[in-house]
Amino acid sequence: MSTDQPFLPFALPDIGDEEIAEVVDTLKSGWITTGPKTRRFESDFTAFLGDPSLQSMAVNSATAGLHLALEALGIGPGDEVITTTHTFTATAEVVRYLGADVVLVDVDPVTLNLDITAVEAAITPRTKAVIPVHYGGLAVDMSRLLAIARRHGLKVVEDAAHALPATAGGQLIGALGSDATVFSFYANKTITTGEGGMVVTRDLALAKRIQVMRLHGISRDAFDRFQSKVPSWYYEVVAPGFKYNLTDIAAALGLHQLRRARAFQVRRGEIAASYSAAFSNLPVVLPAAAPAGEVHAWHLYSLRLAADAPTDRDTFIKRLFDAGIGCSVHYVPLHLQPYWRDRYRLKAEQFPHSQAAYERLVSLPLYTRMSEGDVDRVIHAVAGALR
Ligand SMILES: *Cc1c(COP(=O)(O)O)cnc(C)c1O
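Residues numbered from 1 in each chain as written. Predicted model: local features only at pLDDT ≥ 70, side-chain atom pairs only at ≥ 80, totals over all residues. Heavy atoms only, no water.

Description of the site of the ligand
Right, on to step 1. In the vicinity of the ligand there are 15 residues, among which Thr63, Asp159, His162, Ser184 and Lys189 approach most closely.
Right, on to step 2. One nitrogen or oxygen atom from the side chain of threonine 63 is found 2.5 Å from an oxygen atom belonging to the ligand.
Right, on to step 3. Side-chain polar atom of tyrosine 331 to an oxygen atom of the ligand: 3.0 Å apart, as the coordinates give it.
Right, on to step 4. For the shell around the ligand, the secondary-structure elements that each account for two or more residues are α3 (62–72) and α4 (89–97).
Right, on to step 5. The residue makeup of the shell around the ligand, split by class, is six nonpolar, seven polar and two charged. (Near = heavy atom within 4 Å. Polar contact = N/O pair within 3.5 Å; in protein donor to acceptor, adjacent residues only side chain to side chain. Helix = DSSP H or I, 4+ residues; strand = E, 2+ residues; numbered from the N terminus. Nonpolar A, V, L, I, M, F, W, Y, C, P; charged D, E, K, R; others polar.)

Printed below as a string of structure tokens:
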């Protein structure tokens, strides 16, 4: 099947004139790295989450943010950190940066979020932390997870790369009772700064350590040095830190993306609702909706081909590609990835729900720049590919 319509990519960022003007303003301002716009982006982020007791710290990726949060919590060699097999490798690799071990658990077959019963079963005397991932933008049952973590003395760092804005128990992800929550502003996420991320915590000691470690272990960053009364040339290195600060060029994008985050979520939700209505009679398993009263961030629309579908997943993706539509798969689970599989001698049978989902899983285009015509095109191509 061929098409004369232009290819519809799997994802596209939604960058408006205000973002562009703010970047130009930054470039002309003379201050292009971490500075006043990053500070404003951080305070706007805390305001967005609606709780002034939160510290928001901008970083140059969510991967950096996860690394910093675990480092600040003291995770190190001999420790175990539990997370889901059904995620991007960044969630787990940061644990290895620190010399600790990753313990992967299977997912709930409906939500594809980590199976909280499996988390509890995986706890050993070495377990120090758990990293829940809000898969696709649907929140993990955080009240249940936090209760288990508290009972066992575990730290909780949320990988909220998909979850801006999403809610659990009526509260925005980022404002719950975890030790830290980490958002991603990668190019295809619900808001973007090209590359970027935000770490959020209420723990002032944790925040202090993250602030120091995100910029070379220097006790105050460049902006403060040039603003404060101590001599501008003086600084102190207190640890071998990292280079994880966000630039003001990126923060300029973030300031306006954040203002549009709620409107973006509404549009993503509309597209997801159109898909789910159109696909209800097809041989597919629809992505789980949020419980009543909760917000789903709809970063991903990932459906599964049903057992009686007339095609397999790979053929389905090929047919959509031939119809001019880009798709993806989230994720090739970590237990199938050579590094993780070999290091921990993992077998697919240990992760039956993630494995079964993966074999039938496909993510469809879902982004705010899609027109109604684009949405209809995807709907018709999906129906056509399943005929
Ligand atoms: C995108 C993503 C990350 C990493 O985000 P970066 O900002 O690219 O470092 C981590 N975890 C999940 C689940 C992601 O989707």
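So, next bit.
Some remarks on empty space enclosed by the protein
The gaps of empty space that remain are located by a probe, the size of a water molecule, rolled over the atoms.
Right, on to step 1. Within this structure, the stated rule accounts for three cavities of 30 Å³ or more.
Right, on to step 2. The volume enclosed by the largest cavity comes to roughly 170 Å³.
Right, on to step 3. Lining the largest cavity are 21 residues, and of these Leu12, Asn188, Lys189, Arg268 and Tyr367 lie nearest its centre.
Right, on to step 4. Grouping the constituent residues of the lining of the largest cavity by class yields twelve nonpolar, six polar and three charged.
Right, on to step 5. Inspection of the lining of the largest cavity shows a minimum of three residues originating in each of domain 1 (17–259) and domain 2 (262–385).
Right, on to step 6. Its boundaries defined by the atoms lining it, the second largest cavity holds a volume of some 130 Å³.
Right, on to step 7. The wall of the second largest cavity is formed by 16 residues, among which Thr111, Tyr135, Pro287, Ala288 and Ser302 lie closest to the centre.
Right, on to step 8. Its residues placed into classes, the lining of the second largest cavity shows eleven nonpolar, four polar and one charged. (1 Å grid on protein atoms, 1.4 Å probe; cavity = no way out; pocket = protein on both sides within 12 Å on 5 of 7 lines; lining within 4 Å. Points joined across faces, edges and corners; volume = space filled by probe spheres on them. Domains from an automatic or database assignment.)

A word on the environment of alanine 263
Right, on to step 1. The topology assignment puts alanine 263 in helix α10 (residues 261–279).
Right, on to step 2. Overall, alanine 263 belongs to the exposed group, its relative accessible area being 52%.
Right, on to step 3. Sequence separation between alanine 263 and valine 378 is 115 residues, and the spatial gap between their C-alpha atoms is 22 Å. (Buried < 20%, exposed > 50% of the residue type's maximum accessible area, 1.4 Å probe, protein only.)

A look at the domain arrangement of the protein
Right, on to step 1. The domain boundaries assigned to the protein delineate domain 1 (17–259) and domain 2 (262–385).
Right, on to step 2. Between domain 1 and domain 2, the C-alpha centre-to-centre distance is 26 Å.
Right, on to step 3. With 40 residues of domain 1 at the interface, the matching set in domain 2 holds 37 residues.
Right, on to step 4. At the boundary of domain 1 and domain 2, one finds one salt bridge.
Right, on to step 5. Its salt-bridge partner being arginine 343, residue aspartate 101 comes within 2.9 Å of it at the nearest N-O pair.
Right, on to step 6. Taken together, domain 1 and domain 2 are joined by 25 residue pairs in polar contact (both at pLDDT 80 or more).
Right, on to step 7. Put simply, the parts of the chain that give the side of domain 1 that touches domain 2 at least two residues each are α4, β3 (101–105) and β6 (167–168).
Right, on to step 8. When the residues that make up the side of domain 1 that touches domain 2 are grouped by side-chain class, the tally is 20 nonpolar, 15 polar and five charged. (Contact = heavy atoms within 4.5 Å. Salt bridge = Lys/Arg side-chain N within 4 Å of Asp/Glu carboxyl O.)

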